[in-house]
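Overview (structure and organization)
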Amino acid sequence: MKQLIYLDNAATTRTAPEVVEAMLPYLSEHYGNPSSIYSLGTESKKAVNGVREIIAESLGAANNEIYFTAGGTESDNWAIKATAEAYAQKGKHIITSAIEHHAVLHTCEYLEKRGFEVTYVGVDENGILKLDELERAIRPDTILISVMFANNEIGTIQPIQEIGRIAKEHGILFHTDAVQAYGRLPIDVDEYQIDMLSASAHKLNGPKGVGFLYIRKGLKTRSFIHGGAQERSRRAGTENVPGIVGLGAAVRRAFAGMKESTEKELELRDHLIRRIEEEVPYCRLNGDRTRRLPNNVNFSFRFVEGESLLIMLDMRGICASSGSACTSGSLDPSHVLLAIGLPHEIAHGSLRLTLSGETTKEELDITVEAIKEIVARLRDMSPLYEDFIKKQK
């Protein structure tokens, strides 16, 4: 069996053994419904509330400000749609960025079809939001600013504290999609003046299908799913107790080892970037060089089709991506890479490599050698590259 090198941790992460171990009793022994009043159910309710406390503490929030969801996409939908509905009488203008995850962008498009106006603020060549453009976009009827904490494709970390300050000064609610950042970066909702925050368990070695939405106390955000009285009547449906327990174990694990993991990932990330830049000609690092997630590497290779590169890496047992896992199969180039100014032909040749605490230097060196060989092979088949080389001579 060929060696598997997994470098797509922005898409999902391996569920940690201790997370699985924590979940197992709630799939068999402690299977009661948390809404039940007998002891089997109250055991489940106690576990759910315990996880709520763990998450609240990690954000500097209160327990009753944490609501469990099915993941980041649901959390984003809830934050944006419910805010739009609740504050529609105040205004129907929303501001977001041009490089948001599609969970935000498609939700905004949905609202545009229903009478809301959305301004998509641009970013600079490194993917950092243009704060001056953000301030100019604010109107008397602006009710929400939604900007991701860190980009899922190029890893750029946004100036969240400044965005929170601007929103607060203008009396506008501020939501951040922190799916890529939560568990990797320290986040305090009061310090950053965040009103709503989305996160997902499977990005930090937890199970798929569970996440949470932080909603600051006092917001009149509406219920998202109607039915029972779960999640303080804001999100009906029997809680995913094993998933929530797994989320709690993953959060505890991530925050306990954050400093160590960050140091290791930064060292490996910079090693990978350095080797690719030095050994693969005509490549471009996408995203800010230093203001980026510690585990994110994103390159564009000229005269190379990204899909072919991914397939050939996969044949060698290397898992990578060209961008968001939610857009796999799309023939269009990344909207993020276009937003930072890359032309279509270069954006098509992108490769995202995202590391974990388990990634080794040996794996990265094997990956670099594979990239060098594959890129050279693909360029040998490219008439555009041949013409380019002739012109250089």
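So, a few notes on the structure that sits alongside this text. Everything quoted here is computed from the prediction, not taken from an experiment. (Residues numbered from 1 in each chain as written. Predicted model: local features only at pLDDT ≥ 70, side-chain atom pairs only at ≥ 80, totals over all residues. Heavy atoms only, no water.)

Core analysis: the largest hydrophobic core is formed by 54 residues, its most contacted members being Ile55, Leu59, Phe149 and Phe212. Sorting the residues of this core by element identifies α1 (17-23), α2 (39-59), β2 (66-69), α5 (131-137), α6 (160-169), β7 (196-200), β8 (211-215) and α8 (241-256) as the ones contributing at least two each. For this core, the element with the most residues is α8, which contributes eight residues. Apart from the residues within four sequence positions on either side, Leu59 is in contact with Ile66, Tyr182, Ile187, Asp188, Val189, Leu197, Phe212 and Tyr214. Ranked by size, the runner-up nonpolar core spans 28 residues in total, among them Leu7, Leu268, Ile273 and Ala370. (Core = buried A, V, L, I, M, F, W, Y, C linked by side-chain atoms within 4.5 Å. Buried < 20%, exposed > 50% of the residue type's maximum accessible area, 1.4 Å probe, protein only. Helix = DSSP H or I, 4+ residues; strand = E, 2+ residues; numbered from the N terminus. Contact = heavy atoms within 4.5 Å.)

Position of Arg52 relative to the elements: it lies in helix α2. A distance of 2.8 Å separates a polar atom in the side chain of Arg52 from a polar atom in the side chain of Glu231. Each residue touching Arg52, except ones within four places of it in the same chain, is listed here: Asn63, Ile66, Tyr67, Phe68, Glu231 and Arg232. (Polar contact = N/O pair within 3.5 Å; in protein donor to acceptor, adjacent residues only side chain to side chain.)

Now for the sheet that holds β8. The seven strands are arranged β2-β8-β7-β6-β5-β3-β4 in an open sheet whose pairing can be described as mixed. This sheet does not close on itself; its edge strands, each paired only once, are β2 and β4 (117-121). Ignoring strand direction, the axes of neighbouring strands in this sheet form an average angle of 20 degrees. Alignment of strand β5 (residues 142-146) against strand β6 (residues 173-177), held across three bridges, turns out to be parallel. Residue pairing for β6: Leu144 is matched across the bridge by Leu173. Sitting on the sheet, α2 touches β2, β7 and β8, and the angle it makes with β2 is about 120 degrees. (Pairing = 2+ DSSP bridges. Axes fitted to C-alpha atoms, helices over the stretch in contact; angles between N-to-C directions.)

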